[in-house]
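Structural features, examined
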Amino acid sequence: MKKVLATFVIALLSIGLFAQQGMKIGIHGGLPLDEFEDELSLVAGVDLGYRWGLSEIIDLGVMVGFVNGFPEKYDRDLFSEDLPNIQFVPLAASVRFWTSNSFSIGGDIGQAIGINDGNDGGLYYRPTIAYLMGAQTEVNFSYTGIALDGATWSTITLGVLYTFDF
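Notes on the structure in this doc start here. Computed from a predicted structure; not experimentally measured.

With respect to the overall build of the protein
When helices and strands are counted, the protein shows one helix and 10 strands. Taken from the N to the C terminus, the helices and strands of the protein come in the order α-β-β-β-β-β-β-β-β-β-β. Taken over 166 residues, the protein has a buried fraction of 33%. A sequence separation of at least 24 residues applies to 50% of the contacts in the protein between residues at least 6 apart.

Structure (structure tokens):
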């Protein structure tokens, strides 16, 4: 019994030693795809989250963010129509697998709450590939999908994420 307890304590301590945990804050910008590319010109967002290092290669966490789709302006027969911004607040669980000291793959999954008029939100998913540029800064490339009622919000984005160690 003592050996099992000692092994368990050592395992817990080693998880803490190798963890890549911390508060994450990031920004990203990109382009809309498919169904929204005629309505939107650009997409920008911010993310805030926390990830715990479960081991040297796996991080788990939570995130919240804000995503804004900037409307496209159409010029039709000497008039222009202004379309509304499309906005979401995603709440998600996050996982990252570190394939090396500098590269990670993973994603976020959760619920995107629509905050503009007529936007009910939907299932949020965001697969991500990232490169660690320094001890606390990463550049990431991601696809964002939000399964809306009758449509799918799809974007590709490039972002920067900074980690604050506590």
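Alright, that's what it looks like, and here's the rest.
Here we look at the nonpolar core
Of all hydrophobic cores here, the largest spans 13 residues; its most connected members are Phe36, Ile86, Phe88, Tyr124, Ile146, Leu148 and Trp153. When residues of this core are traced back to their parent elements, those giving at least two are strand S2 (40-53), strand S3 (58-71), strand S6 (86-98) and strand S9 (137-148). In terms of residues, this core owes the most to one element, S6, which gives three residues. The residues contacting Phe36, other than those within four sequence positions of it, are Ile86, Leu148, Ala151, Thr152 and Trp153.

Some points on the pattern of salt bridges
Scanning the entire structure with this criterion turns up two salt bridges. Across the pair Asp47 and Arg126 runs a salt bridge, and its minimum N-O distance is 2.8 Å. Of this pair, Asp47 sits in strand S2 while Arg126 sits in strand S8 (residues 122-132), and the two are 79 residues apart along the sequence. Across the pair, Arg126 and Asp47 agree in class, each one buried.

Quick look at the packing of aromatic side chains
Tallying each qualifying case throughout the model produces six aromatic pairs. Seen from their ring centres, Tyr125 and Tyr143 are 6.3 Å apart, and the 35 degrees between their planes marks the pair as tilted. In this pair, Tyr125 is assigned in strand S8 and Tyr143 in strand S9, connecting sequence segments 18 residues apart. Take Tyr125: its relative accessible area is 27%, and that puts it in the partly exposed class. For the pair Tyr162 and Phe164, a centre-to-centre distance of 4.8 Å together with 70 degrees between the ring planes defines the contact as edge-to-face. Taken together, the aromatic side chains of Phe36, Phe88 and Trp153 make up a single cluster linked through ring pairs.

A short note on the sheet that holds S6
Strand order in this closed barrel of eight strands is S1-S2-S3-S6-S7-S8-S9-S10, and the pairing throughout is antiparallel. For this sheet, the mean angle separating the axes of adjacent strands, direction not counted, is 25 degrees. Looking at chain direction, S9 and strand S10 (residues 151-164) are connected through 12 bridges and run antiparallel. Opposite Phe141, over in S10, you have Leu158 as the bridge partner.

Comments concerning empty space enclosed by the protein
Applying the stated criterion across every chain yields a total of one cavity of 30 Å³ or more. For the largest cavity, the calculated volume is near 140 Å³. The wall of the largest cavity is formed by 16 residues, among which Asp47, Arg51, Arg96, Asp108 and Leu161 lie closest to the centre. When residues of the lining of the largest cavity are traced back to their parent elements, those giving at least two are S2, S3, S6, S8 and S9. Considering every element that reaches the lining of the largest cavity, the biggest residue donor is S2, with five residues. For the lining of the largest cavity, a count of residues per class yields five nonpolar, four polar and seven charged.

What counts and how
- Residues numbered from 1 in each chain as written.
- Predicted model: local features only at pLDDT ≥ 70, side-chain atom pairs only at ≥ 80, totals over all residues.
- Heavy atoms only, no water.
- Helix = DSSP H or I, 4+ residues; strand = E, 2+ residues; numbered from the N terminus.
- Buried < 20%, exposed > 50% of the residue type's maximum accessible area, 1.4 Å probe, protein only.
- Contact = heavy atoms within 4.5 Å.
- Core = buried A, V, L, I, M, F, W, Y, C linked by side-chain atoms within 4.5 Å.
- Salt bridge = Lys/Arg side-chain N within 4 Å of Asp/Glu carboxyl O.
- Phe/Tyr/Trp six-rings, centres within 6.5 Å; stacked < 30°, edge-to-face > 60°.
- Pairing = 2+ DSSP bridges.
- Axes fitted to C-alpha atoms, helices over the stretch in contact; angles between N-to-C directions.
- 1 Å grid on protein atoms, 1.4 Å probe; cavity = no way out; pocket = protein on both sides within 12 Å on 5 of 7 lines; lining within 4 Å.
- Points joined across faces, edges and corners; volume = space filled by probe spheres on them.
- Nonpolar A, V, L, I, M, F, W, Y, C, P; charged D, E, K, R; others polar.

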